[in-house]
Amino acid sequence: MFSFNKNPVGIFDSGVGGLTVFAEVKKALPNESVFYLGDTARVPYGSKSVDVVRQYSLTNVNLLMTLGVKAVVVACNTASAAAISFLHERFTNLKIIGVIDPVVEYLLTRPELRRIAIIGTNTTVASGAYQQALLRGNKNLDIMAKACPLFVHLVEEGLFKGEITEKAIDMYLSPMKKNPPDALVLGCTHYPMLRDVISDYFDGRVEILDTAFYTAKKLADILADDGMLNSGNAEDDRFFVTDDPNSFRATAEMFLKHKVDNVFHI
Ligand code: DGL
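Everything in this summary refers to the structure shown in the same document. (Residues numbered from 1 in each chain as written. Predicted model: local features only at pLDDT ≥ 70, side-chain atom pairs only at ≥ 80, totals over all residues. Heavy atoms only, no water.)

**A word on the overall build of the protein chain**
Reasoning step 1: The helix and strand tally for the protein chain stands at eleven helices and ten strands.
Reasoning step 2: The C-alpha extent of the protein chain, read off along each of the three principal axes, is 60 × 40 × 35 Å.
Reasoning step 3: Considering the protein chain as a whole, with its 266 residues, one finds that 54% of them fall into the buried category.
Reasoning step 4: A separation of at least 24 residues holds for 77% of the contacts in the protein chain among residues at least 6 apart in sequence.
Reasoning step 5: Across the protein chain, 27 positive and 31 negative side-chain charges occur, with their mean positions spaced 3 Å apart. (Helix = DSSP H or I, 4+ residues; strand = E, 2+ residues; numbered from the N terminus. Buried < 20%, exposed > 50% of the residue type's maximum accessible area, 1.4 Å probe, protein only. Contact = heavy atoms within 4.5 Å. Lys, Arg positive; Asp, Glu negative; His and termini not counted. Charge placed at Lys NZ, Arg CZ, Asp CG, Glu CD.)

Here you go:
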């Protein structure tokens, strides 16, 4: 018998970075199949305007809907920052979960974390989405934000540690090092790959928060509350990309540390 609950969860990102969210979703929801859409033809989103990112995000959600997903995770921080309300207004019958609200909700349960740093792409930081969401919940927070655009390239080159990466971290984060925040949000899909080296930079004294973890948890709660969990086993995941599947596959295998099959051009 047909059951909507068996349908896959859709995840979209500008490219490969959203696989950090994919990995957390698979951990939190091993019985769910995932259709991942990487808009590799139009990456990066992080240097594009809010209007352009909204249009791309609209296309991505429409595409995932034609593939029959039961919910959509906006893995891309830039798309979440620029387009989440825009998408909620346009897709009123579809559960769409961005990566910003879940970590903000978590932070608001931890008022002892008063000084909060956000790092992300240029567009994410300039949008003020994290900053506004946090301040709406607690106006006494002290928030600092820094765009770290080079981190995306370092991660895609596999430079998860080493001299060049440490220099880039110092270049962006040295103003924060003098008076470190209580918590730092990794507000970009790629940054979890730098988690350890960033933590070491602050001598382990700053709580580092990975948005992917909180997003996967939120998705699990929403699917459970709405009775939308798949009661059977997951089918094979599928990866859809708007540019060359082979280059996506190679980077994806580096991110996920396992073989990636089922990559299709769309
Ligand atoms: N996925 C983007 C983000 O999380 C980073 C890569 C890009 O700029 O497209 O903001």
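From this point, things continue past the structure.
**Overview of unusual backbone geometry**
Most peptide bonds are trans, and most residues other than glycine sit at a negative phi.
Reasoning step 1: The residue after Val43, namely Pro44, is reached through a cis peptide bond having omega 0 degrees.
Reasoning step 2: The backbone of Lys257 sits at a positive phi, close to 60 degrees, despite the residue not being glycine.
Reasoning step 3: Examined against the element boundaries, Lys257 turns out to sit in the loop between helix H11 (245-256) and strand S10 (263-265).

**Quick look at helix H8 (residues 163-177)**
Reasoning step 1: Over its 15 residues, H8 runs only 18 Å from end to end, short of the ideal 21 Å by more than 12%, given 1.5 Å per residue.
Reasoning step 2: Maximal helix bending in H8 amounts to about 50 degrees, located at Met171; proline Pro175 follows within four positions.
Reasoning step 3: Residues of H8 that are buried: Thr165, Ala168, Ile169, Tyr172, Leu173 and Met176.
Reasoning step 4: Next to the buried residues of H8 lie strand S5 (115-120), strand S6 (142-147), helix H7 (150-156), strand S7 (183-187) and helix H9 (195-201). (Expected span 1.5 Å × (residues − 1). Bend = angle between axes of the 7 residues up to and from the residue.)

**Looking at helix H10 (residues 211-225)**
Reasoning step 1: Taking 1.5 Å per residue as the helical rise, H10 with its 15 residues ought to reach 21 Å, and the 21 Å between its terminal C-alpha atoms agrees with that figure.
Reasoning step 2: Buried residues of H10: Thr211, Ala212, Tyr214, Thr215, Ala216, Leu219, Ala220, Ile222 and Leu223, and no others.

**As for the sheet that holds strand S2 (residues 34-38)**
The strands that make up a sheet pair up through hydrogen bonds in the backbone, lying either parallel or antiparallel.
Reasoning step 1: The six strands are arranged S4-S3-S1-S2-S9-S10 in an open sheet whose pairing can be described as parallel. Edge positions in the sheet fall to strand S4 (95-98) and S10, since each has one partner strand and no second. The sheet shows a mean angle of 20 degrees between the axes of neighbouring strands, taken without regard to direction.
Reasoning step 2: Contacts from helix H1 (residues 19-28) reach strand S1 (9-13), S2, strand S3 (71-74) and strand S9 (238-241), with the element oriented near 175 degrees to S2.
Reasoning step 3: Those strands touched by H10 are S1, S3 and S4, and its axis lies near 160 degrees from that of S4. (Pairing = 2+ DSSP bridges. Axes fitted to C-alpha atoms, helices over the stretch in contact; angles between N-to-C directions.)

**Re the site of the ligand**
Reasoning step 1: Contacts to the ligand come from 13 residues, most closely from Asp13, Ser14, Tyr45, Gly46 and Thr78.
Reasoning step 2: Taken by itself the ligand offers 290 Å² of open surface, and the protein chains cover 98% of this.
Reasoning step 3: Looking at the shell around the ligand, its residues break down into five nonpolar, seven polar and one charged. (Near = heavy atom within 4 Å. Areas by Shrake-Rupley, 256 points an atom, 1.4 Å probe, with all protein chains shown as cover. Nonpolar A, V, L, I, M, F, W, Y, C, P; charged D, E, K, R; others polar.)

**Concerning the pairing of S7**
The side chains of a regular strand alternate between the sheet's two faces.
Reasoning step 1: With five of its five residues buried, S7 lies for the most part within the structure.
Reasoning step 2: Side-chain alternation along S7 places Ala183, Val185 and Gly187 on one buried face and Leu184 and Leu186 on a second face that is also buried.
Reasoning step 3: Bridge count for S5 against S7 is five bridges, and the pairing is parallel. What sits directly across from Ile119, in S7, is Leu186.
Reasoning step 4: With four bridges joining them, S7 and strand S8 (residues 207-210) adopt parallel strand pairing. Along S8, the bridge assignment pairs Val185 with Leu209.
Reasoning step 5: The parallel pair S7 and S8 is bridged by H9, and the resulting crossover is right-handed. (Right-handed = clockwise from strand over helix to strand, strands pointing away.)

**Details of the packing of helix H2 (residues 50-66) against helix H3 (residues 77-90)**
Reasoning step 1: Remark: H2 packs on H3, axes separated minimally by 9 Å, with the N-to-C direction vectors making an angle of 60 degrees. Taken together, the axes of H2 and H3 lie oblique to each other. The hand of the H2/H3 crossing is right-handed. Of the residues in H3, those in contact with Val50, Val53, Arg54, Gln55, Ser57, Leu58 and Val61 of H2 are Thr78, Ala79, Ala82, Ala83, Phe86, Leu87 and Arg90.
Reasoning step 2: Residue composition of the contact of H2 with H3, by class: nine nonpolar, three polar and two charged. (Parallel < 35°, antiparallel > 145°, perpendicular 65-115°, else oblique. Left-handed = near helix turned anticlockwise from the far one by under 90°.)

**A word on the pattern of salt bridges**
Reasoning step 1: Enumeration over the complete set of coordinates arrives at 13 salt bridges.
Reasoning step 2: Asp39 is paired through a salt bridge with Arg42; the nearest N and O atoms lie 2.8 Å apart.
Reasoning step 3: Among the residues examined, Asp39 registers a relative accessible area of 1% and is labelled buried.
Reasoning step 4: Here Arg110 makes a salt bridge to Glu112, at a shortest N to O gap of 2.6 Å. (Salt bridge = Lys/Arg side-chain N within 4 Å of Asp/Glu carboxyl O.)

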